[in-house]
Structures are given as C-alpha cells and as structure tokens.
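# Reading the structure
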Amino acid sequence: MLLYHGSNLTVEKPKLIKQTRGLDFGAGFYLTSREEQAMRFSEIVVDRRKSGVATVSVYKFNTESAEKSLNIRKFERANEEWLRFVADNRLKTYTGVFYDVVIGAVANDTVMPTIQAFLGGFLNEQATIITLKTSKLFDQWCLKSEKALSLLQFVESYETK
C-alpha cells in the first residue's frame, strides 16, 4: 500500500521524534493514504515553519507484515471512541494500550474548532459527533514504533508546486 507524508522537505528515513504538543494519535510519524491530503499538508507545514519547500514523500507500507506482527488500532469512523482517544492524546492524558500503528480520521483545521469546543466543555460527546458527521474527514496513519517504521519503504519525493 502507498502512503504519503507532507512536509517542508524530503523524509527518506522517518524517525520517531518526541512531541512537545498533543497530536490526534500521540507521538509518531504521520502519513495518509490520500495524496492530495499530503500535498495540502506540505503547504501548511511550509507556511507554519516559514522554511523549506512543500514536499510529499511517498512510501510503500507492508500491510501484510504489519497485520501479522504489529498492534494496530483502526478507527472505522469518527465516533465516541475515536473522539475520546483524540481528546486524551491532544490533552496528553492517554494512558491506555500502546499501539504500533493507529489509523483513523484526522482532526484537521476544519474540524479543530469542534474538537476544541468538546475539549473546553462547550459540546458533549453526542453533539460533537453529530457536528463532525457534517464534515468531510480524511484518514491519517500514525506509526508509533520502530517496528512499524521498519515496514515503511521510501519510494520517492516531489515538490508540490
């Protein structure tokens, strides 16, 4: 399976880097199965960091080996369980099971106001999920262990503009 990573530079050898901020699925190397999403994110990264060139790195991921040897958590849709998982990771309070790979909807910039309203107590779980159902949510893959990264093979990279 092909996966894509959007950044401000080519990432031939992904690394697990300690995160200073809470991310949807916690610390890890984030990818998507949607090339267009990686392209868009690469432009966001360049804008945020004010450096580099919008670049998409492409990888082959050995899903067959992953399914046999890794602890994988896949959220089929943005539901209450996904919301609690994302909220706990964003708040850095997640203490549950460790997963090598987490797959699910991305809480991107278009849905973050809804997630923030939930985290701030302005929306309950049910209202948040109803609101999120009106949004078009794309997927993200978070590789959280060296074992998971070892199943990722760099194919190529290209600049988006």
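Our structure's up above, just so we're on the same page.
A brief look at the structure comes next. (Residues numbered from 1 in each chain as written. Predicted model: local features only at pLDDT ≥ 70, side-chain atom pairs only at ≥ 80, totals over all residues. Heavy atoms only, no water.)

Time to look at the sheet that holds strand 1 (residues 2–7). The strands making up a sheet associate through hydrogen bonds between their backbones, and the pairing can be parallel or antiparallel. Pairing is antiparallel in the open sheet, where 3 strands are placed in the order 1-3-7. With partners counted over all chains shown, the strands left at the sheet margins are strand 1 and strand 7 (152–159), one partner each. Taking the axes of each pair of neighbouring strands and ignoring which way they run, one obtains an average angle of 25° across the sheet. Two elements, strand 3 (residues 55–61) and strand 7, share 7 bridges in a ladder whose sense is antiparallel. Residue Thr55 lies in a different strand from strand 7, and its bridge partner there is Glu159. (Pairing = 2+ DSSP bridges. Helix = DSSP H or I, 4+ residues; strand = E, 2+ residues; numbered from the N terminus. Axes fitted to C-alpha atoms, helices over the stretch in contact; angles between N-to-C directions.)

The subject of this paragraph is unusual backbone geometry. You will see that Lys50, though not glycine, has its phi angle at about 55°, which is positive. Note that Lys50 resides in the loop between helix 1 (35–49) and strand 3. Its relative accessible area of 65% is what places Lys50 among the exposed residues. In this structure, Lys92 takes a positive phi of about 60° despite not being glycine. Residue Lys92 is classed as exposed on the basis of its relative accessible area, which comes to 51%. (Buried < 20%, exposed > 50% of the residue type's maximum accessible area, 1.4 Å probe, protein only.)

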